[in-house]
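Below are the chains, spelled out letter by letter.
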Amino acid sequence: MSKAEDNTFSVEKPEESSGFLLWQVTNLWQREIKKALEDHNITHSQFVLMASIHWLTLHEQEVTQIILSAHTKIDPMTTSTVLRTLQQKDLIARQEHATDTRAKVVVLTDFGKKIIKKAIVTVEDFDRKFFAITGVNTKNLNQNLIALLEQK
């Protein structure tokens, strides 16, 4: 039991803190998604970058490291490090940009496309099951998450 005069919390129990609960749920989700991706031999960061390359390519965008970093909200240095690992694993390739000599276009290799297509099915199935327990409409949940992201 804490001393009343030392209590700076506005909540009676930790479960009343949205931030604390979000922290715990995020950690749980990350642990479980890591397990789900083990069969594909990629990390969650690798998945996010590969899935984003696939998405942007399908939507006819040329994918550079800067575009990828902005799309995923992963800082440029981390993006570069993860892309280097993906290239070593022969999952992506970097090609010369048609107009910008400083930029490289990032593409999935055929092997990378095969892996990411399977991994996307795994992750979408995992997310569906993970969030279904809340009973919340996914569209509404996503709109609320987007509102939080747009604060900054």
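Computed from a predicted structure; not experimentally measured.

(A) Representation of the confidence of the model for the chain. Residue-level pLDDT values for the chain average 90, and 97% of them are 70 or greater. Mean pLDDT across the secondary structure elements of the chain bottoms out at helix α6 (residues 138-149), with 87, and peaks at helix α2 (residues 44-58), with 97.

(B) The nonpolar core, seen in detail. With 27 residues, the main nonpolar core has Ile42, Phe47, Met50, Ile53, Leu83, Leu86 and Ile116 as its most contacted residues. Broken down by secondary-structure element, the contributors of at least two residues to this core are α1 (18-37), α2, α4 (76-88), β2 (104-108) and α5 (110-132). Counting residues per element, this core draws most heavily on α5, at seven residues. With near-sequence residues (within four places) excluded, Phe47 lies in contact with Leu37, Ile42, Ile116, Ala119, Ile120 and Val123.

(C) Representation of the layout of surface pockets in the model. The space that makes up the largest pocket amounts to roughly 2000 Å³. In terms of lining residues, the largest pocket is bounded by 34 residues, among which Trp29, Asp127, Asn142, Leu145 and Leu149 are the most central. Those elements that provide at least two residues to the lining of the largest pocket are α1, α2, α3 (65-72), α5 and α6. It is α2 that contributes the most residues to the lining of the largest pocket, nine residues altogether.

(D) Seen up close, α2. The end-to-end C-alpha separation of α2 is 21 Å, in line with the 21 Å expected for 15 residues at 1.5 Å each. Within α2, burial applies to Gln46, Phe47, Leu49, Met50, Ala51, Ser52, Ile53, His54 and Leu56. The inward-facing, buried residues of α2 abut α1, α3, α4, β1 (92-96), β2 and α5. Phi turns positive, to about 55 degrees, at Glu60, one or two residues after α2.

About the criteria used
- Residues numbered from 1 in each chain as written.
- Predicted model: local features only at pLDDT ≥ 70, side-chain atom pairs only at ≥ 80, totals over all residues.
- Heavy atoms only, no water.
- pLDDT = per-residue confidence, 0-100.
- Helix = DSSP H or I, 4+ residues; strand = E, 2+ residues; numbered from the N terminus.
- Core = buried A, V, L, I, M, F, W, Y, C linked by side-chain atoms within 4.5 Å.
- Buried < 20%, exposed > 50% of the residue type's maximum accessible area, 1.4 Å probe, protein only.
- Contact = heavy atoms within 4.5 Å.
- 1 Å grid on protein atoms, 1.4 Å probe; cavity = no way out; pocket = protein on both sides within 12 Å on 5 of 7 lines; lining within 4 Å.
- Points joined across faces, edges and corners; volume = space filled by probe spheres on them.
- Expected span 1.5 Å × (residues − 1).

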